[in-house]
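Observations on chain architecture
So you can see what is in the structure, the chains are spelled out below.
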Amino acid sequence: MSEARLFMNFINGEFVPSLGGKTFERRNPADTADVVGIFQDSNADDVEAAVTAAKAAYATWRKVPAPRRGEILLRAADLLLARKDRYSHDLTREMGKPLFEAGGDIVEAIGMAQYAGSEGRRMHGVTTPSELPNKFQMSMRQPIGVIGMITPWNFPMAIASWKMLPALVCGNTVVIKPGEDASISTFNLVECLVEAGLPPGVVNIVTGHGPSAGQPLVEHPDVPVLSFTGSTEVGRLVYELGARQIKRVSLEMGGKNPLIVMDDADLDLVEQGVVWAAFGTTGQRCTATSRVIVHRKVAAALIERLVGRAQALRVGNGLHPATDMGPLVNEAQLERVLGYIEVGKSEGATLRCGGNRLTEGSYANGWFVQPTIFTGVRPTMRIAREEIFGPVLSVIEVESLDEALAVANDVAYGLSSSIYTRDINAAYRAMHELEAGIVYINAPTIGAEIHLPFGGVKATGNGHREAGPTMLDVFSEWKSVYVDYSGSLQRAQIDNAD
Ligand code: UN1
């Protein structure tokens, strides 16, 4: 067991305690005897100090040429790669996912650092001809100011990188409040940026809880842009509070992601994909497969395979190399998942495997639950409609592609989706008709890459996309510039009208 480390806030390049003098501790969800860190329980005064630092740093950072800003990110990518093992260990210990998955979280941040870093030499605008002679026109991106970020614990390094790195390359400065269950990864990301040359005040970290540290950030008048990933419930609050000050608010929220299995699907492939996407990260991904919508002809065969695979998963401490599935992140999440399992039973779904908390032996000090599969689920049941964020899979049987698509779309959310079929027409129909920001063909609902837009429709998001070329849109303002070198007044839409 390693030592518990004391983490200060990071404001203006210095590690400082919370002005309120309070701290909180984080324990390893696989072994609650292991205190992984003690963090500042920040308040509005800490947020004020961080925003003040970010605002002052903005005056100079916005003028650093974008390629120079990008070079810092590219150097940070190299540092992240060199420290991948250590940072993966920290990440597993703070939030529970197995080491191999934690490595993926770091690799996603490395990819984003390379992608956002190289954007420093692109950030293309549009240059178009004028309708008037001797007139030139173009558009360019400009930074906005201090960006407030509230990040979740489930991808503590990747999601922090999706927000922070595009914001920085655009020339903004940042105040970030990481999820209180997994703050260390944000410190690790920022450590690399600082060693790579990021000036003081450009990124500031304020740890703590939503009401005491998140809300003052959301409401701060000097923070014009908010980027939030988390629950729809909290996202709605962030949106409402932001709207009062006409802030730009980018929200990334829940999912109830469907995976359609047609009767011509390759069931070997389906079996592997479903188990990975439903139980990977203990189901705690907003992209997790939580509904399998299967054609009745292959349902029985598929269910048997899924149950066999789910029961064979090795649940345990993510630090052990043999572990397939780690614990849930905290006690509240455990209670929530167990609560939904009870809901599923009382709604009349059939519990085919799992359903219990694991408490014996090495499980005694952790938040472990078995991989759980419900069959006979009807689309109207709560377990088919509400986001559980745990290793609970609902299997729904259908008769046709039309019915599968209708069931898939009949939920509030629309993040990720998938269809397994060998019929190219069915695949293309699904691609067009699934109400989701992401569609996979013959692959499960998880595993988005950072150079395509990431985000969802309906209650999942509010129209913004993280990652991909669209990532710059949240963190920059367009400016259109007209240069008239005719030496005379040329009236657009009038002097050239005939
Ligand atoms: C999330 O669950 O919030 O596509 C992000 C994926 C990962 C990111 C998940 N690359 O599953």
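What you see is a predicted model; the values in this text were computed from it and never measured.

Concerning the overall build of the chain
Each helix and strand in the chain was counted, giving 14 helices and 24 strands. For a compact globule of 498 residues, the expected C-alpha radius of gyration is about 23 Å, and the chain comes in at 24 Å, within 12% of that figure. Dimensions of the chain, computed from C-alpha atoms along their principal axes, come out at roughly 80 × 65 × 40 Å. A burial count over the chain gives 57% of its 498 residues as buried. The long-range fraction of contacts in the chain, counting pairs at least 24 apart against all pairs at least 6 apart in sequence, stands at 75%.

Quick word on the nonpolar core
Met112, Met164, Leu168 and Leu193 are the most contacted members of the largest nonpolar core, which totals 69 residues. Counting residues per element, this core draws most heavily on helix H5 (residues 158–169), at nine residues. Structurally, this core is a two-domain feature, drawing no fewer than three residues from each of domain 1 (5–253 + 461–480) and domain 2 (257–441). The residues touching Leu193, leaving out its near neighbours within four places in the chain, are Ile72, Leu73, Ala76, Met164, Leu165, Leu168 and Leu198.

Observations concerning a nonpolar patch on the surface
There is a patch of nonpolar side chains on the surface, built from Phe136, Met138, Val483 and Tyr485 and spanning about 370 Å² of accessible area. With respect to the helices and strands, the residue Phe136 is situated in strand E7 (residues 135–142).

Structural notes on the pattern of salt bridges
Side-chain pairs of opposite charge can arise whenever the charged atoms involved come near each other. All told, the structure shown has 31 salt bridges when counted by the stated rule. Where Asp266 meets Arg422, a salt bridge forms, and the shortest distance between an N and an O atom there is 3.9 Å. Here Arg422 lies in the loop between strand E21 (416–420) and helix H13 (424–433) and Asp266 lies in the loop between strand E13 (257–261) and helix H9 (267–279), a separation of 156 residues in the sequence. For Arg422, a relative accessible area of 61% puts it in the exposed group.

Quick notes on the UniProt feature "active site" (unreviewed entry) in the chain
Mapped onto the present numbering, the UniProt feature "active site" (unreviewed entry) falls at Glu252. Inspection of the secondary structure assignment puts Glu252 in strand E12 (residues 248–252).

Some thoughts on the pairing of strand E19 (residues 392–398)
In terms of burial, E19 is a largely internal element, six of the seven residues being buried. The pairing of strand E14 (residues 289–295) with E19 spans five bridges and is classified as parallel. By the bridge assignment for E19, Ile293 is matched with Ile396. Note: strand E18 (residues 372–375) against E19, three bridges, orientation parallel. Among the inter-strand pairings, Phe374 is bridged to a residue of E19, identified as Ser394.

Some thoughts on empty space enclosed by the protein
Under the definition given, this model contains three cavities of 30 Å³ or more. Roughly 90 Å³ of volume is contained in the largest cavity. Lining the largest cavity we find 13 residues, and of these Gly283, Arg285, Ala288, Ser290 and Phe389 sit closest to its centre. The residue makeup of the lining of the largest cavity, split by class, is five nonpolar, six polar and two charged.

Topic: the site of the ligand
Looking at the ligand, the residues that line it are Glu108, Asn154, Phe155, Ile159, Trp162, Arg285, Cys286, Thr287, Ile446, Gly447 and Ala448. Most atoms of the ligand, that is more than half of them, are within 2 Å of grid points of the second largest pocket. Its residues assigned to classes, the shell around the ligand shows six nonpolar, three polar and two charged. Split by domain, the residues of the shell around the ligand number at least three in each of domain 1 (5–253 + 461–480) and domain 2 (257–441).

A few points about helix H10 (residues 296–312)
Look at H10: 25 Å from first C-alpha to last across 17 residues, which is about the 24 Å you get at 1.5 Å a residue. The sharpest bend along H10 reaches about 30 degrees and sits at Leu302. Within H10, the full set of buried residues consists of Val298, Ala299, Leu302, Ile303, Leu306, Val307 and Ala310.

Description of unusual backbone geometry
Despite not being glycine, Asn12 has its phi angle at roughly 55 degrees, a positive value. In this fold, Asn12 is placed in the loop between strand E2 (9–11) and strand E3 (14–16). For Asn12, a relative accessible area of 41% translates into the label partly exposed.

Section: the packing of helix H3 (residues 84–95) against helix H4 (residues 99–119)
In the contact formed by H3 and H4, the axes pass within 8 Å of each other and the chain directions differ by 115 degrees. Crossing hand, H3 versus H4: right-handed. In this structure, H3 uses Lys84, Tyr87, Ser88, His89, Leu91 and Thr92 to contact H4, whose residues at the interface are Leu99, Ala102, Gly103, Asp105, Ile106 and Val107. Considered class by class, the residues forming the contact of H3 with H4 number six nonpolar, four polar and two charged.

Reading guide: rules and limits
- By convention here, each chain's residues receive numbers from 1 onward along its written sequence.
- Since the coordinates come from a predicted model, pLDDT governs what is reported: local features require at least 70, and pairs of side-chain atoms require 80 or more to be given and counted, while whole-chain, interface and lining totals use all residues.
- For the side-chain quantities, the full set of heavy atoms in the structure was used; hydrogens and water were omitted.
- Secondary structure elements are defined from DSSP: runs of H or I of at least 4 residues count as helices, runs of E of at least 2 residues count as strands, and each element is numbered from the N terminus.
- Atoms considered for the radius of gyration are the C-alpha atoms alone. The globule rule reads 2.2 Å times the number of residues to the power 0.38.
- Accessible area is worked out with a 1.4 Å probe on protein chains only. A residue is then buried under 20% of its type maximum, exposed over 50%, and partly exposed in between.
- Throughout, a residue-residue contact means that at least one pair of heavy atoms, one from each residue, lies within 4.5 Å.
- Only buried residues count toward a nonpolar core. Its members are Ala, Val, Leu, Ile, Met, Phe, Trp, Tyr and Cys residues joined through side-chain atoms within 4.5 Å.
- Throughout the structure description, domain borders are defined by an automatic or database domain assignment.
- For patch building, the residue pool is restricted to those with more than 30% relative accessible area and no salt bridge; the joining distance is 9 Å between like charges and 5 Å between nonpolar side chains (Val, Leu, Ile, Met, Phe, Trp, Tyr).
- Areas reported as accessible are Shrake-Rupley estimates using a 1.4 Å probe. Residue values count occlusion only from the protein chains shown.
- By definition here, a salt bridge exists when the distance from a side-chain nitrogen of Lys or Arg to a carboxyl oxygen of Asp or Glu is within 4 Å.
- UniProt positions are given in the numbering used here, feature names are shortened, and annotations may be inferred rather than shown by experiment.
- Any two strands with at least two DSSP bridges between them are considered paired.
- Buriedness of a pocket was judged along seven lines, with at least five required to meet protein on both sides within 12 Å; pockets are open sets of points on a 1 Å grid over the protein atoms alone, cavities are sets where a 1.4 Å probe fits but cannot get out, and lining residues have an atom within 4 Å of a point.
- Grid points are joined across faces, edges and corners, and a volume is the space filled by probe spheres set on the points.
- Gly is put with the polar residues, along with every residue not named as nonpolar or charged; the nonpolar set is Ala, Val, Leu, Ile, Met, Phe, Trp, Tyr, Cys and Pro, and the charged set is Asp, Glu, Lys and Arg.
- Near residues are defined by distance, with any heavy atom within 4 Å of the molecule or strand qualifying the residue.
- What decides whether a molecule sits in a cavity or pocket is whether more than half of its atoms lie within 2 Å of the grid points.
- One less than the residue count of a helix, multiplied by 1.5 Å, gives the span that helix is expected to have.
- Bend, in this description, refers to the angle at a residue between axes fitted to the seven residues ending there and the seven starting there.
- All axes here are fitted lines through C-alpha atoms, helices being fitted over the stretch that makes contact, and every angle between N-to-C directions spans 0 to 180 degrees.
- Should the near helix be turned anticlockwise from the far one by less than a right angle, the crossing is left-handed, and should it be turned clockwise, the crossing is right-handed.

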